[in-house]
Amino acid sequence: AFICYCQSDIEFVHEMIRQLEQTVYRLKLCVFDRDVLPGTCVWTVTSELIEMRCKRMVAVISDEYLDSEACDFQTKFALSLCPGAQKKRLIPVVYKPMKKPFPSILRFLTVCDYTRPCTQSWFWGRLARALSLP
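Residues numbered from 1 in each chain as written. Predicted model: local features only at pLDDT ≥ 70, side-chain atom pairs only at ≥ 80, totals over all residues. Heavy atoms only, no water.

Undergrad: Could you clarify how one ought to interpret the overall build of the protein chain in this entry?
TA: A count of helices and strands for the protein chain gives 6 helices and 5 strands. Along the protein chain, helices and strands appear, N-terminal first, in the series β-α-β-α-α-β-α-α-β-β-α. For 134 residues, the compact-globule formula gives about 14 Å, and the C-alpha radius of gyration of the protein chain, at 14 Å, lands near that figure. For the protein chain, the proportion of its 134 residues judged to be buried stands at 45%. (Helix = DSSP H or I, 4+ residues; strand = E, 2+ residues; numbered from the N terminus. Rg over C-alpha atoms; globule rule 2.2 N^0.38 Å. Buried < 20%, exposed > 50% of the residue type's maximum accessible area, 1.4 Å probe, protein only.)

Undergrad: Mind showing me how you'd approach the packing of helix α3 (residues 42-53) against helix α5 (residues 69-81) here?
TA: Any two packed helices are characterised by the angle at which their axes cross and by the distance between the axes. Following both chains from N to C, one finds α3 and α5 inclined at 35°, their axes separated by 10 Å at the closest point. Between α3 and α5 lies a crossing whose hand is right-handed. Residues Trp-43, Thr-46, Ser-47, Ile-50 and Glu-51 of α3 form the contact with α5, whose own contacting residues are Glu-69, Ala-70, Phe-73, Gln-74, Phe-77, Ala-78 and Leu-81. Of the residues contributing to the contact of α3 with α5, the split by class is 7 nonpolar, 3 polar and 2 charged. (Axes fitted to C-alpha atoms, helices over the stretch in contact; angles between N-to-C directions. Left-handed = near helix turned anticlockwise from the far one by under 90°. Contact = heavy atoms within 4.5 Å. Nonpolar A, V, L, I, M, F, W, Y, C, P; charged D, E, K, R; others polar.)

Undergrad: How do you make sense of the side chain of Thr-75 when you look at a structure like this?
TA: Within the secondary structure layout, Thr-75 lies in helix α5. Note on Thr-75: relative accessible area 2%, which makes it buried. Apart from residues no more than four positions distant in its own chain, Thr-75 is found in contact with Cys-4, Met-57, Ala-59, Tyr-65, Leu-90 and Leu-106.

Undergrad: What should I look at first to understand helix α6 (residues 120-132) in this one?
TA: Because each turn of an α-helix spans 3.6 residues, side chains separated by three or four positions in sequence point in the same direction. With 13 residues, α6 ought to run about 18 Å at 1.5 Å a step, and its terminal C-alpha atoms sit 19 Å apart, in line with that. Turning to α6, its buried residues are Phe-123, Trp-124, Gly-125, Leu-127, Ala-128 and Leu-131. On the buried face of α6, the contacting elements are α1 (10-20), β3 (57-61), β4 (90-94) and β5 (112-113). (Expected span 1.5 Å × (residues − 1).)

In structure tokens form, the structure reads like this:
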């Protein structure tokens, strides 16, 4: 899965790596800052990863995400590959409370919400199952 995130959310991305790659789930995540080599065109490599190398994209939604041009591009590109979310390609994740409204472009997708204490114990298992779908 390609992880779409902004720099201020990197600690949560590290936690995602620990929970999904280094546990029984053994998923493979594509994290831009870790896995993309320097010297390549950001937009070209990102679109190739999302379209051809990764089955899913996790969008880490935060107030900072809403201000990121890269996150906006990645999300719209992933959505363009699966109109109507028929292939469950894009999985929005909210991990902290937001002051800004949730992005309207994602409002029709179910969200994996880490902010609700009553569902935190299910969070990583649900996300891993969604990422493991064929």
